Amino acid sequence: MKAPFRSALLALCAFACLAGPPAAAQDAQSETKPKFGPDAVPMTQDRDYLRRAGAPDFWAMMPYYTAQQTGSACSVASVAMMINALRGLPPLSSNRLVTQLRVLNEVDDDGWKAATAENGDGVSFADFAGLVQRSVDAFGLDATVEVFRPKDTSPETLGELRRILDENERDDSDIILLAYDQGTLTGDATVGHIAPLGAYDAETHRVLVMDVDRLWYVPYWSSDEKLLEAMVKPDRSDPTGSGLIHVRLKDVRPKGRTAG
């Protein structure tokens, strides 16, 4: 996440999602630079919301929280988490969980495979939206895929973002995948990135980002205002910014019945 996405998501993993600051700069800063900047609070330091609220999406995804397998595979890791959370735990010992490799094999898109391989360029936001839909179809989920691509940080746009986030927080029948500039939230280098939304605290207007860049991060809280800023920030592959993808099951039934 840290590297490819730097140029673009390095480039919305064009979304690359790379691997961190240059070695020399990293070494020079390692003794003094905090793990997170002022706009991100790691979950290890703030668990209050998860203790007092239902946080349905967080608990639906937490068992499947994974690390992107390459520096540019944030899109695949996020989709794997989303598919697992919406399917639920399969009931039989013969049923497999959804891995990143399985996502790529089921969708079978050569461009996605190349873009998310080590040193790949990642995918643009527009391409990612299409790949999410194809992933939903490949795994037989009866779900809608909705795209929210903010154009500005106006109060009206922020209000719409808050409405989407608040609606999503009501139950675990829908999952949001965020596409944003990682450095805007974490304080590290600017790089396009993709990660699932873990939770939304409407009272404090904070989002919990379940960052799949596990080489560097744990889930962290940031403000919805900062998230909006991170989503509209342009990059090489998405000069008009990125946004979020909302995947919602049409027929909500108890989880854990999906075979395959």
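- In the annotation of an unreviewed UniProt entry, the entry for the protein chain reads glutathione gamma-glutamylcysteinyltransferase, and the organism field reads Azospirillum formosense.

**Re helix α5 (residues 74-87)**
Each α-helix winds once per 3.6 residues, and so residues spaced three or four apart point in a common direction.
Argument step 1. In this model, α5 (14 residues) spans 20 Å end to end at C-alpha, consistent with the 20 Å of a helix rising 1.5 Å per residue.
Argument step 2. Within α5, 14 of the 14 residues are buried, which leaves the element mostly enclosed by the surrounding structure.
Argument step 3. Backbone geometry just downstream of α5 places G88 in the positive-phi region, at approximately 85°.

**Considerations on the environment of A67**
Argument step 1. Relative to the helices and strands, A67 resides in the loop between α4 (56-61) and α5.
Argument step 2. Residue classification places A67 among the partly exposed positions, given a relative accessible area of 32%.
Argument step 3. Contact partners of A67, with chain neighbours within four places excluded, come to A77, Q100, V212 and R214.

**Quick look at the side chain of S173**
Argument step 1. As for its placement among the helices and strands, S173 is situated in the loop between α9 (155-168) and β3 (174-181).
Argument step 2. One polar contact links S173 to D171, side chain to side chain, over a distance of 2.5 Å.

**Digging into the pattern of salt bridges**
Argument step 1. What the rule picks out here adds up to 16 salt bridges.
Argument step 2. Here E229 makes a salt bridge to K226, at a shortest N to O gap of 3.2 Å. Residue E229 and its partner K226 are both found in helix α11 (residues 224-232); the two are separated by three residues, about one turn of the helix.
Argument step 3. Its relative accessible area of 37% is what places E229 among the partly exposed residues.
Argument step 4. Relative accessible area serves as the criterion here: at 18%, K226 is assigned to the buried category.
Argument step 5. Salt bridges linked by common partners bring E146, E160, R163, E167 and R248 together as one network.

**Brief notes about the pairing of β3**
Argument step 1. Burial within β3 is extensive, with eight of its eight residues counted as buried.
Argument step 2. On β3, burial covers both faces: D174, I176, L178 and Y180 on one face and I175, L177, A179 and D181 on the other are all buried.
Argument step 3. Judged from the six bridges that link them, β3 and strand β7 (residues 243-249) form a sheet pairing that is antiparallel. Within the sheet, the bridge partner assigned to L178 lies in β7 and is L244.
Argument step 4. Bridge count for β3 against strand β4 (residues 192-201) is five bridges, and the pairing is antiparallel. Within the sheet, the bridge partner assigned to L178 lies in β4 and is A195.

**Regarding helix α6 (residues 100-107)**
Argument step 1. All of the buried residues in α6 are Q100, R102, V103, L104 and V107.
Argument step 2. The first or second residue beyond α6 is D108, which carries a positive phi of 55°.

**Re the environment of V209**
Argument step 1. With respect to the helices, strands and loops of the structure, V209 is situated in strand β5 (residues 206-209).
Argument step 2. Judged by its relative accessible area of 0%, V209 falls in the buried class.
Argument step 3. On a C-alpha basis, the gap between V209 and I194 in space is 9.7 Å, while along the polypeptide they are 15 residues apart.
Argument step 4. Every residue in contact with V209, bar those within four places of it in the chain, is listed here: L178, Y180, L185, A195, P196, P219 and Y220.

About the thresholds
- Residues numbered from 1 in each chain as written.
- Predicted model: local features only at pLDDT ≥ 70, side-chain atom pairs only at ≥ 80, totals over all residues.
- Heavy atoms only, no water.
- Helix = DSSP H or I, 4+ residues; strand = E, 2+ residues; numbered from the N terminus.
- Expected span 1.5 Å × (residues − 1).
- Buried < 20%, exposed > 50% of the residue type's maximum accessible area, 1.4 Å probe, protein only.
- Contact = heavy atoms within 4.5 Å.
- Polar contact = N/O pair within 3.5 Å; in protein donor to acceptor, adjacent residues only side chain to side chain.
- Salt bridge = Lys/Arg side-chain N within 4 Å of Asp/Glu carboxyl O.
- Pairing = 2+ DSSP bridges.

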